[in-house]
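The chain contents come next:
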Amino acid sequence: KFYGGFFVKKFEDRLKKFYGVKYALTFNSWTSGIIASLGALNLKPGDEVITTPWTMSACATAILHWNAIPVFADIKKDTFCIDPLDIERKISKKTKVILIVDIFGVPCDVNAIKKIIKNKNIKILTDSAQTPYYPIKNKLAGTITDVGGFSLNCHKHINTGEGGIVVSNSKQIAEKVARIRNHAEGVVSLKEDLSNMLGYNFRLGEIEAAIGIEQLKKLKKIIFERNKLFNLLAIQLNKLKGLSVPTSNYRYNNYYIFPIVIDRKIIDINRKKIIELLKAEGIDGLVEGYANLHLLPMFKKKIAYGKKGFPWSKFNNKISYKKGDCPVAEELHNFSFISFQVCLFSLDKRDIENIINAFNKIWSYLKIQN
């Protein structure tokens with residue numbers, strides 16, 4: 001019972017086979033999965049975890065949960081994933097984990113990161129919430145680091161309403177993840193490492209697990225259809241002067257969010273105006289920018305725990321979060337990036353044709369204005 005009910009165990013068995021891993025554990029959310037995974041990697045207060053500013057805020061706050069210190073590395077322009085070169089610049093003696101995020105539907109360059117941390121005692125945690133089925137040679141994104149995971153919340157490729165998955169090939173990590181998930185009680189002995197056993201009720205329910213079993217059967221088809229559909233959109237938008245979809249250069253894309261970048265050297269018009277014009281043509285789900293976690297008040301003001309700067313004040317008050325720390329992420333977010341929230345819609349080929357027509361119409365209009 002400690003490891004879950006009938007459907008939870010059945011779902012986890014299916015997940016192990018699907019992802020080709022030794023261990024798969026389900027959670028009530030991927031946020032819970034990240035917290036448990038970081039704890040299982042034996043983080044200590046004051047340790048540093050390098051992550052990306054372009055992700056959901058839970059990635060950074062999960063680090064703070066263990067009184068560890070988030071360090072943000074910049075992103076790459078062509079993938080929007082964390083930049084291995086900036087990771088190398090940000091590594092210190094206190095770096096213990098790198099939390100990478102496979103963003104928008106394409107994976108990080110894990111091999112480059114592994115080369116950087118070779119012979120260093122640094123672990124990698126992969127957040128593949130937006131890339132649940134991306135083949136990398138004979139493996140899948142999220143399965144080629146120490147621990148990884150996926151989201152099952154309502155707007156992911158498949159969902160159980162809320163839910164998350166942690167995968168690993170390490171027995172030690174998997175056991176610690178399972179204990180943190182379930183109050184850290186029941187199956188422990190004094191001979192074992194009981195550090196970080198701040199356990200919670202992070203379990204996935206039987207109803208959600210039963211739904212997950214059926215949802216998993218559909219994942220490949222959903223990904224293949226989405227890839228085919230949005231590749232059509234990417235091909236057409238890349239033809240427009242001053243507009244690009246950088247991740248379309250990748251052969252395969254899970255397309256969670258459809259990324260659009262404006263070349264401000266070519267298009268001298270406010271991004272907000274472009275979105276307003278497209279919205280007038282019936283195109284919804286376009287948002288200015290994406291995220292810059294390092295500039296949120298929690299980090300800039302260091303107010304995660306009270307108002308006196310803990311845990312920074314206790315362990316490393318020299319770390320600060322300010323404009324200019326992640327210039328690529330900041331420029332994209334502030335000026336040139338449009339996130340098309342395709343995860344919120346069920347689109348077909350006719351919808352894609354309408355979207356293409358709307359962009360072409362607006363671009364013709366903008367050309368007249370210029």
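Cut-offs and rules
- Residues numbered from 1 in each chain as written.
- Predicted model: local features only at pLDDT ≥ 70, side-chain atom pairs only at ≥ 80, totals over all residues.
- Heavy atoms only, no water.
- Buried < 20%, exposed > 50% of the residue type's maximum accessible area, 1.4 Å probe, protein only.
- Helix = DSSP H or I, 4+ residues; strand = E, 2+ residues; numbered from the N terminus.
- Arc of directions from axis to C-beta.
- Polar contact = N/O pair within 3.5 Å; in protein donor to acceptor, adjacent residues only side chain to side chain.
- Pairing = 2+ DSSP bridges.

Novice: Looking at this structure, how should I read helix α9 (residues 271-280)?
Specialist: Since the α-helix packs 3.6 residues into each turn, any two residues three or four apart lie on the same face. Along α9, the residues classified as buried are R271, I274, I275, L277 and L278. When α9 is viewed along its axis, its buried side chains cluster within an angular range of 160 degrees and face the same direction. Seen from the open side of α9, the exposed residues pointing more than 90 degrees away from its buried face are K279 and A280. The N-cap of α9, judged by a side-chain oxygen 2.7 Å from the amide nitrogen of K272 a few residues on, is N270.

Novice: When you look at the pairing of strand β11 (residues 258-262) in this model, what are you seeing that I'm missing?
Specialist: Both faces of the sheet carry side chains from a regular strand, because those side chains alternate between them. Of all the 5 residues making up β11, 5 are buried; the element is thus mostly covered by neighbouring parts of the structure. What you see with β11 is no split at all: F258, I260 and I262 on one side and P259 and V261 on the other are buried throughout. By the bridge criterion, 2 bridges tie strand β10 (residues 243-244) to β11 in an arrangement that is antiparallel. Paired with S244 across the bridge in β11 is V261. Of the pairings in the sheet, the one linking β11 to strand β13 (residues 337-340) comprises 4 bridges and is antiparallel in character. When the bridges of β13 are listed, I260 appears paired with I338.

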